[in-house]
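Breakdown of the fold
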Amino acid sequence: LSTDRVAVLDHGYLQLVESWGSDERIIEAARMSTDGAFRGWGDPRWTCQCGYILSAALFMATSAVDRPSCPKDPAHVMSYEERPGDEKLLAYLYNHRHMSPFEMAGMIIEVQAPIFVVREWQRHRTQSYNELSARYAPLPDVNYVPSVERIMQSGGANKQASGTKPCSMSEAAAFRVALDHLYRRANNDYTTALESGIPKELARLVLPVGRYSRMRASANLRNWLQFLTLRTDPAAQWEIRQYALGVSNLIRQLFPRTHDLFLAERRA
Ligand SMILES: Cc1cc2nc3c(=O)[nH]c(=O)nc-3n(C[C@H](O)[C@H](O)[C@H](O)COP(=O)(O)OP(=O)(O)OC[C@H]3O[C@@H](n4cnc5c(N)ncnc54)[C@H](O)[C@@H]3O)c2cc1C
Ligand SMILES: [Zn+2]
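Heads up: these notes are all about the structure in this document. None of the values given here were measured: they were computed from a predicted structure. Sequence order as written defines the numbering, with residues in each chain counted from 1. Working convention: letters from A go to chains and numbers from 1 go to ligands, in the order in which they are written. Whole-chain, interface and lining totals are the exception, using all residues; otherwise, since this is a predicted model, local features are given only for residues with pLDDT of at least 70 and side-chain atom pairs are given and counted only at 80 or more. Side-chain measures here rest on the full set of heavy atoms in the structure, leaving out hydrogens and waters.

A few points about the overall build of the protein chain
Numbering of helices and strands runs from the N terminus; a helix is a DSSP stretch of H or I covering at least four residues, while a strand is a stretch of E covering at least two. Check the secondary structure of the protein chain and you find ten helices and eight strands. Radius of gyration: over C-alpha atoms. The globule rule applied is 2.2 Å multiplied by the number of residues raised to the 0.38 power. Taken over C-alpha atoms, the radius of gyration comes to 25 Å for the protein chain, far larger than the 18 Å a tight globule of 268 residues would show. For the protein chain, the C-alpha atoms occupy an extent of roughly 80 × 45 × 40 Å along the three principal directions. The buried label goes to any residue with under 20% of its type's maximum accessible area, the exposed label to any with over 50%, and the partly exposed label to all in between, with areas taken from a 1.4 Å probe on protein chains only. Residue burial in the protein chain is summarised as follows: out of 268 residues, 39% are buried. By definition in these notes, contact holds between two residues if any of their heavy atoms fall within 4.5 Å. Sequence-distant contacts in the protein chain: of pairs separated by 6 or more residues, those separated by 24 or more amount to 73%. Accessible surface, the protein chain: about 15500 Å² in total, of which carbon and sulfur atoms supply 52%. Computed with a 1.4 Å probe, the accessible areas rest on the Shrake-Rupley method; for each residue, only the protein chains presented here act as cover.

A short note on the packing of helix α8 (residues 221-231) against helix α10 (residues 256-267)
Helix-helix packing is characterised by the crossing angle of the two axes and by the distance between the axes. Helix axes are fitted only over the stretch in contact, all axes being lines through C-alpha atoms; the angle between N-to-C directions runs from 0 to 180 degrees. α10 packs onto α8 with a crossing angle of 35° between their chain directions and a minimal axis gap of 12 Å. When the axes of α8 and α10 are compared, the crossing they make is right-handed. Between α8 and α10, the contacting residues are Leu-221, Leu-225, Leu-228 and Thr-229 on the first element and Thr-258, Phe-262 and Arg-266 on the second. In this classification, Asp, Glu, Lys and Arg are treated as charged, Ala, Val, Leu, Ile, Met, Phe, Trp, Tyr, Cys and Pro as nonpolar, and every other residue, Gly included, as polar. In terms of residue class, the contact of α8 with α10 is made up of four nonpolar, two polar and one charged. Handedness of a crossing is defined here by the sense of rotation of the near helix relative to the far one, left-handed for an anticlockwise turn of less than a right angle and right-handed for a clockwise turn.

With respect to the sheet that holds strand β3 (residues 45-48)
A pair of strands is treated as paired once DSSP finds two or more bridges between them. Taking strand neighbours across the sheet as the criterion, the three strands line up as β4-β3-β5 in an open arrangement whose pairing is antiparallel. Two strands bound the open sheet, and with one partner strand each, they are β4 (53-55) and β5 (78-81). In this sheet, adjacent strand axes meet at a mean angle of 25° when their direction is disregarded. Sheet topology note: the β3/β5 ladder contains four bridges and is antiparallel. Paired with Arg-45 across the strands is Glu-81, a residue of β5.

Let's talk about the sheet that holds strand β6 (residues 106-114)
Each strand in a sheet pairs with another by means of backbone hydrogen bonds, the pair being arranged parallel or else antiparallel. Spatial ordering of the open sheet is given by β1-β2-β6-β8-β7, a layout of five strands whose pairing is antiparallel. The sheet terminates laterally at β1 (6-8) and β7 (128-131), the two strands that pair on one side only. On average, adjacent strands in this sheet sit at an angle of 25° to one another, irrespective of strand direction. As defined by bridge partners, β1 adjoins strand β2 (residues 12-20) across three bridges and the pair is classed as antiparallel. Its bridge partner being in β2, Ala-7 is matched across the sheet by Tyr-13. Contacts between α8 and the sheet are confined to β6 and β8 (212-220), with β8 contributing the most and set at about 125° to the helix. Its contacts with the sheet put helix α9 (residues 238-254) on β1, β2, β6 and β8, and the angle it makes with β6 is roughly 155°.

Details of the layout of surface pockets
The distinction between a cavity and a pocket rests on a 1 Å grid over the protein atoms alone: a 1.4 Å probe fits inside a cavity but cannot get out, while a pocket stays open yet meets protein on both sides within 12 Å along at least five of seven lines, and a residue with an atom within 4 Å of a point counts as lining. Grid points are joined across faces, edges and corners, and a volume is the space filled by probe spheres set on the points. Here the second largest pocket defines a volume of roughly 240 Å³. In terms of lining residues, the second largest pocket is bounded by 14 residues, among which Ile-115, Glu-131, Ala-134, Leu-139 and Arg-204 are the most central. It is helix α4 (residues 115-121) that contributes the most residues to the lining of the second largest pocket, three residues altogether. Counted by class, the lining of the second largest pocket contains nine nonpolar, two polar and three charged residues.

Structural notes on the coordination of the zinc ion (ligand 2)
For Na, K and Ca the donor cut-off is 3.2 Å, while for other metals it is 2.8 Å, and in both cases only N, O and S atoms qualify; water is not among them, so sites may look incomplete. Listed as protein donors to the zinc ion (ligand 2) are Cys-48 (SG), Cys-50 (SG), Cys-70 (SG) and His-76 (ND1); their distances from the metal cover 2.1 to 2.3 Å. Four donors are marked tetrahedral only if all angles between them lie between 85 and 135 degrees, whereas four are marked square planar and six octahedral if opposite donors are more than 155 degrees apart and the other angles lie between 65 and 115; the remainder are marked irregular. Geometry at the zinc ion (ligand 2) is tetrahedral, judged from the four donor atoms that bind it and their angles of 103 to 114° at the metal. Cys-50 gets classed as partly exposed once you look at its relative accessible area, which sits at 33%. Relative accessible area serves as the criterion here: at 21%, His-76 is assigned to the partly exposed category.

Structural notes on the environment of Trp-238
Along the chain, Trp-238 falls in helix α9. When its relative accessible area of 29% is taken as the criterion, Trp-238 is described as partly exposed. Each C-alpha atom, one on Trp-238 and one on Ser-196, is 38 Å from the other, the two residues being 42 residues apart in sequence.

Quick notes on the pattern of salt bridges
Think of a salt bridge as a Lys or Arg side-chain nitrogen and an Asp or Glu carboxyl oxygen that are within 4 Å of each other. Applying the stated rule across the entire model yields 14 salt bridges. In this structure, Asp-86 engages Arg-31 in a salt bridge whose closest nitrogen and oxygen atoms are separated by 2.7 Å. Taken together, the positions of Asp-86 in the loop between β5 and α3 (87-95) and Arg-31 in helix α1 (residues 23-32) put the pair 55 residues apart, joining distant regions of the chain. The exposure class of Asp-86 is buried, given its relative accessible area of 2%. Classification of Arg-31 as buried rests on a relative accessible area of 9%. Among the salt bridges present, the one from Glu-239 reaches Arg-150, with a minimum N-O distance of 2.7 Å. Within this pair, whereas Glu-239 is found in helix α9, its partner Arg-150 is found in helix α5 (residues 148-152), the two being separated by 89 residues in sequence.

Function cannot be inferred from these measures alone, as they are strictly geometric.
Pasting the structure below:
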């Protein structure tokens, strides 16, 4: 799993700081109540007389022949087996909203996003935040300029923005120029104010909501899924959706089985 920065929008990023727990730990937490333990996933698989195991999914993805051969000895006979496993319990917990085991896992990410995205994001009260302080350090001169294609999107699936017709390409280009002027002027006023000794906490008043800020956000898995439900939805603003899709991708890598259950529920 990568802890590299994943680029979002023109100057933003998402980065995994740390995570805890796993799909297995969720099962363990649930079984703890009856003094049990994680028993293993029962995914279909091929097993060899020598103990070599190959998952059926991996075999299907890599081979066209109808039976895998053992890498230790091609003369070995491999057989197919399907066992009931803990994915059934995981699905039961998720689909019956027994959600507390999903609070036993979680992650912290670092996010660089425009201030207007951060404002939307911080409405999610179950996450914990720590944001760069513009009272103590000047905000870097990094600003969001949407692409022409983005500006030309009409409200689309977003009911709040429906009824608006898309602008022309030249209107979109003109808006980008206007934004660029605004950002330059704002940064000029900001640095002039800082240089003349205006307190940072007041100098920032000239900065627009397209300026990038940076924060860390921490939540348990249950609450990350709640965030994804609201913010990967087509009704959410396109910009925060780009971040939510990045979060979804991290969750998929860290908690693949829970993420599958989440997607299945969203499709249903
Ligand atoms: C498409 C979209 C459009 C939006 N438009 C607007 C808008 O125009 N104006 C605006 O102000 N906001 C808007 N929001 C923000 C929205 O109203 C929520 O504040 C935000 O989505 C966070 O959701 P939440 O409260 O469920 O999340 P969290 O704060 O993470 O809470 C999670 C859950 O905990 C429970 N909970 C938390 N705190 C309380 C509490 N105090 N009382 C009772 N239950 C609680 C609730 O069950 C809640 O669902 C919009 C959000 C979306 C996705
Ligand atoms: Zn073998």
